[in-house]
Amino acid sequence: MQRVKLFNHFILLMGVFIMVGPLVVALMTSSHEAADIHRNGLSLLPGGHFVETYTKVLTKEGGFTGKITGLRMMMNSLILGIGFAVGKIALSMLAAYALVYFRFRFATILFWMIFTTLLLPLEVRILPSYEVMNTLHLTNTYTGLIVPLLASATGTFYFRQFFKSIPDELLEAARIDGAGPFKFFIDVIVPLSKTMMAAIFIIMFVYGWNQYLWPTLMTTDESFFTLVRGIKQILLVWVGSNIPDYNEAFALAILAMVPPVMIVMIFQRWFIKGLTESDK
Amino acid sequence: MTHAPSLSPTSPAATTTGGFFARFRSAPSEPSFAKRVQFSSPYLPYLFLAPQMAIIFIFFYWPSVQAIQSSFYLEDPFGFGSTFVGTSNYTDVLKSGEYLGIARFTAIFTAAVTFFSLAIGLLLAVKADGVIRGNATYKTLLIWVYAIAPPVAGLMGMMMFDQHIGPLVRFVGLFGWDMKVGLNYNDTAAAMIIVSVWKQIPYNFIFFLSGLQGIPVSVREAALMDCRSGFRRFWTVILPLLAPTAFFLLIINTTYALFDTFGVIDVMVKDKAANNPITLVYKVYMDGFRGNDLGGSSAQSVILMIIVFVLTIFQFRFIERRVHYN
């Protein structure tokens with residue numbers, strides 16, 4: 001038995017090494033000087049240039065037009081992440097509420113129309129989506145960045161499942177007390193959904209923050225770049241230069257991953273619950 | 001899609017299969033919406049549904065219809081209108097050796113990413129389920145890569161496989177493999193697969209672990225009494241109980257490998273797609289945005305849509321039957 005346990009720990013430690021190793025290397029290497037990295041390779045020990053590199057990355061104006069800073073990209077990422085998560089929760093709660101708590105004529109067909117969106121991810125209709133955005137003059141706007149991403153029904157289905165699990169007696173009681181649809185929604189459904197909303201918020205924030213393809217298409221104006229969107233630009237500049245700025249590339253990668261990683265780690269239990277149990 | 005699987009909500013592993021699965025499972029055969037008591041109002045439900053429907057119409061149905069429409073037209077590159085060309089966009093695409101090569105690579109890539117990320121995720125979940133001390137720490141350390149965006153993972157991969165400073169290049173060099181990511185087709189493909197698998201392991205780990213923890217202690221104890229070999233116990237008792245989770249993850253991972261790896265690929269091929277492996281989704285993007293071939297790109301979009309549909313139906317019709325639920 002003892003040997004089995006040791007073996008289990010060995011496998012897990014291997015797993016941890018593979019999953020965490022690259023991140024440690026990235027963090028440590030980002031605190032060295034570029035020339036140093038070029039000479040000695042990646043590093044597992046902290047260097048002395050942590051503050052220097054990160055200050056530079058956050059505040060130096062870079063990019064092709066020289067107008068975008070790391071801070072600005074971070075703010076854009078936050079706007080995208082939070083805007084997307086909040087929009088998704090608001091839209092899908094309303095839609096799910098209508099689908100679960102109302103009897104109306106076109107319920108089935110509307111339900112199917114929402115359901116269909118799950119079958120075709122954005123990636124298969126990128127070019128026509130872009131054309132539509134052009135027609136509507138929404139490229140290089142926050143609206144164009146966030147709203148089209150909301151056109152999928154994941155949230156609606158999470159909330160639909162959840163509302164269905166709320167006991168019918170609550171509605172009966174509320175109706176006896178004379179509560180109408182609005183009052184019932186605000187006084188009963190919203191408070192009951194708090195945990196669910198938190199879980200969905202975490203998942204959707206990470207999803208929004210990590211968007212890459214859509215921001216790449218939507219934003220050509222660098223002042224709208226998100227951190228994740230900026231990654232490739234960094235690489236392009238980096239590849240061209242003599243001694244590549246490995247440290248800055250790593251620092252930006254770290255900045256791009258810190259907020260979602262922190263959220264997932266801090267709210268780990270809600271996050272896992274939201275991910276795996278939204279079925280109930 | 002009419003073949004709705006019937007999962008018993010009380011089966012231990014079934015309860016952890018997640019929302020994605022649930023929406024397939026409950027959607028098709030369930031026009032009634034379960035509540036005995038409901039409000040009835042002539043306009044309120046439409047009011048509540050309006051925002052979502054508006055967004056779906058503008059940003060989902062409109063572009064989808066446009067994709068189908070423009071796949072039958074040849075767009076003038078200088079913007080002087082377009083001509084109807086029937087199905088020639090499709091035949092051009094399907095006859096092109098390049099396209100078929102990319103399709104073949106996509107199939108291999110998807111199979112490899114799905115297989116390895118599922119296998120490693122399952123292995124780690126089983127081990128994490130087996131240890132008591134350090135369980136929570138392992139869990140935290142193993143899942144945080146989930147939060148990293150695919151292009152950021154791609155950037156990390158580029159560093160790890162860098163010609164000058166990449167430790168992994170040196171490591172495989174010890175075995176005589178002179179890895180040249182970005183130059184050699186197979187090496188780039190290998191690196192892309194490794195990065196994509198790495199990024200997806202945490203997701204599978206989370207689901208397998210919660211699937212395992214959903215198996216009642218009584219079942220485990222009964223299995224322990226009946227069968228001394230841990231390996232056999234795993235194959236005959238635990239794995240069948242995990243089948244719904246695994247089936248759900250199979251769909252998710254296939255979708256991930258087909259679509260979400262776009263960021264990994266885009267960063268790793270760095271716009272030099274010529275000699276590098278790319279997937280079908282990347283090709284749609286290349287032709288549409290770099291090549292300005294609206295018709296061809298749309299035809300490819302429609303082909304992808306069909307592939308997604310067929311995959312979904314296939315998975316439900318055939319694999320579903322072999323999955324053990326109770």
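So, how was this worked out
- Residues numbered from 1 in each chain as written.
- Chains lettered and ligands numbered in written order.
- Predicted model: local features only at pLDDT ≥ 70, side-chain atom pairs only at ≥ 80, totals over all residues.
- Heavy atoms only, no water.
- Helix = DSSP H or I, 4+ residues; strand = E, 2+ residues; numbered from the N terminus.
- Buried < 20%, exposed > 50% of the residue type's maximum accessible area, 1.4 Å probe, protein only.
- Contact = heavy atoms within 4.5 Å.
- Areas by Shrake-Rupley, 256 points an atom, 1.4 Å probe, with all protein chains shown as cover.
- Buried area = accessible area lost by both parts, 1.4 Å probe.
- Salt bridge = Lys/Arg side-chain N within 4 Å of Asp/Glu carboxyl O.
- Polar contact = N/O pair within 3.5 Å; in protein donor to acceptor, adjacent residues only side chain to side chain.
- Nonpolar A, V, L, I, M, F, W, Y, C, P; charged D, E, K, R; others polar.
- Axes fitted to C-alpha atoms, helices over the stretch in contact; angles between N-to-C directions.
- Parallel < 35°, antiparallel > 145°, perpendicular 65-115°, else oblique.
- Left-handed = near helix turned anticlockwise from the far one by under 90°.
- Phe/Tyr/Trp six-rings, centres within 6.5 Å; stacked < 30°, edge-to-face > 60°.
- Lys NZ or Arg CZ within 6 Å of the ring centre and 35° of its normal.
- Expected span 1.5 Å × (residues − 1).
- Arc of directions from axis to C-beta.
- Core = buried A, V, L, I, M, F, W, Y, C linked by side-chain atoms within 4.5 Å.

Asker: Help me out: how do you make sense of the overall build of chain B in this one?
Answerer: Counting its regular elements, chain B contains 13 helices and two strands. Burial statistics for chain B: of 326 residues in total, 56% are counted as buried. Looking at chain B alone, contacts between residues at least 24 apart form 69% of all its contacts between residues at least 6 apart. In the form shown here, chain B has an accessible surface area of approximately 14,400 Å², with 65% of it arising from carbon and sulfur atoms.

Asker: Explain the interface of chain A and chain B here, please?
Answerer: When the parts of a complex come together, some accessible area is lost, and that lost area is often taken as the interface size. Of the residues lining the interface, 118 residues belong to chain A; the matching set on chain B comes to 105 residues. Summed over both sides, the interface of chain A with chain B buries roughly 10,600 Å², with 76% coming from carbon and sulfur. Of all residues in chain A, the largest losses of buried area upon contact with chain B belong to Leu-12, Met-19 and Leu-127 of chain A, amounting jointly to 7% of the total for that side. The tally of links between chain A and chain B comes to zero salt bridges. Remark: the boundary between chain A and chain B carries eight residue pairs in polar contact (both at pLDDT 80 or more). Looking at the side of chain A that touches chain B, the element that brings in the most residues is helix H1 (residues 2-29) of chain A, giving 15 residues. For the side of chain A that touches chain B, the class distribution of residues is 83 nonpolar, 21 polar and 14 charged.

Asker: Please clarify how the packing of helix H9 (residues 168-176) of chain A against helix H10 (residues 181-192) of chain A should be interpreted in this entry.
Answerer: Two measures define how a pair of helices packs: the angle their axes make with one another and the distance between the axes. Residues and elements named next belong to chain A. Interhelical geometry of H9 versus H10 gives an angle of 155 degrees and a closest axis separation of 11 Å. By the criterion of interaxial angle, the relationship of H9 to H10 is roughly antiparallel. Considering only the axes of H9 and H10, their crossing is right-handed. For the pair H9 and H10, contact is made by Leu-170, Leu-171 and Ala-174 and by Phe-184, Val-188 and Leu-192, respectively. A class-by-class count of the residues in the contact of H9 with H10 yields six nonpolar, no polar and no charged.

Asker: Looking at this structure, I do not really get unusual backbone geometry. What am I missing?
Answerer: Most peptide bonds take the trans configuration, and most residues that are not glycine carry a negative phi. Residue and element names in this part refer to chain A. The backbone phi angle of His-137 is positive, close to 55 degrees, even though this residue is not glycine. If you trace the backbone, His-137 turns up in the loop between helix H6 (126-135) and helix H7 (142-146). The phi dihedral of Asn-140 falls on the positive side, at around 55 degrees, and the residue is not glycine. Positionally, Asn-140 belongs in the loop between H6 and H7.

Asker: Even after reading the chapter, I still don't get the packing of aromatic side chains, so can you show me in this structure?
Answerer: Each aromatic ring pair is summarised here by two numbers: the centre-to-centre distance and the angle between the ring planes. In the structure shown here, the tally under the stated rule is 33 aromatic pairs over all chains. Ring centres of Phe-182 of chain A and Phe-48 of chain B lie 5.6 Å apart, and the angle between their planes is 70 degrees; on these two criteria the pair is classed as edge-to-face. A residue pair is termed interchain when its members come from two chains, as with Phe-182 of chain A in helix H10 and Phe-48 of chain B in helix H2 (residues 44-70). Given the relative accessible area of 46%, Phe-182 of chain A is considered partly exposed. An aromatic cluster is present here, built from Tyr-97, Tyr-101, Phe-102, Phe-159, Phe-162, Phe-163, Phe-182, Phe-184 and Phe-185 of chain A together with Phe-48 of chain B joined pairwise through their rings. Positioned over the ring face of Phe-225 of chain A is Arg-229 of chain A, at 4.0 Å from the centre of the ring. Geometry around Tyr-146 of chain B places Lys-199 of chain B over its ring, the cationic atom sitting 5.5 Å from the centre.

Asker: Is there a simple way to think about the pattern of salt bridges in this case?
Answerer: Close approach of charged atoms allows side chains with opposite charge to pair. Residue and element names in this part refer to chain B. With the rule as written, the count across this model stands at four salt bridges over all chains. Between Arg-220 and Asp-129 there is a salt bridge whose closest N-O contact spans 3.0 Å. One end of the pair, Arg-220, is in helix H9 (residues 217-226); the other, Asp-129, is in helix H4 (residues 97-130), with 91 residues separating them in the sequence. Under the relative-accessibility criterion, Arg-220 is labelled partly exposed at 27%. We note a salt bridge from Asp-287 to Lys-283, for which the minimum N-O separation is 3.2 Å.

Asker: Any chance you could explain H10 of chain A here in plain terms?
Answerer: At 3.6 residues per turn, the α-helix brings residues three or four places apart onto the same side. The end-to-end C-alpha distance of H10 of chain A is 15 Å, a good match for the 16 Å that 12 residues give at a rise of 1.5 Å each. Regarding H10 of chain A, the residues found buried are Pro-181, Phe-184, Phe-185 and Ile-189 of chain A. The arc that holds every buried residue of H10 of chain A, seen down its axis, measures 95 degrees, which confines them to one face. Exposed side chains of H10 of chain A directed beyond 90 degrees from the buried face belong to Lys-183 and Ile-186 of chain A. Where H10 of chain A is buried, its residues touch helix H4 (70-101), helix H8 (154-164) and H9 of chain A together with H2 of chain B.

Asker: What should I look at first to understand the nonpolar core in this one?
Answerer: A general tendency of soluble globular proteins is for nonpolar side chains to be buried together. Ranked by internal contacts, the top residues of the largest apolar core, which has 188 residues, are Tyr-97, Tyr-101, Phe-163 and Phe-271 of chain A. The contact partners of Phe-271 of chain A, leaving out residues within four places of it in the chain, are Ile-202, Ile-203 and Val-264 of chain A together with Ile-143, Tyr-146 and Ile-206 of chain B.

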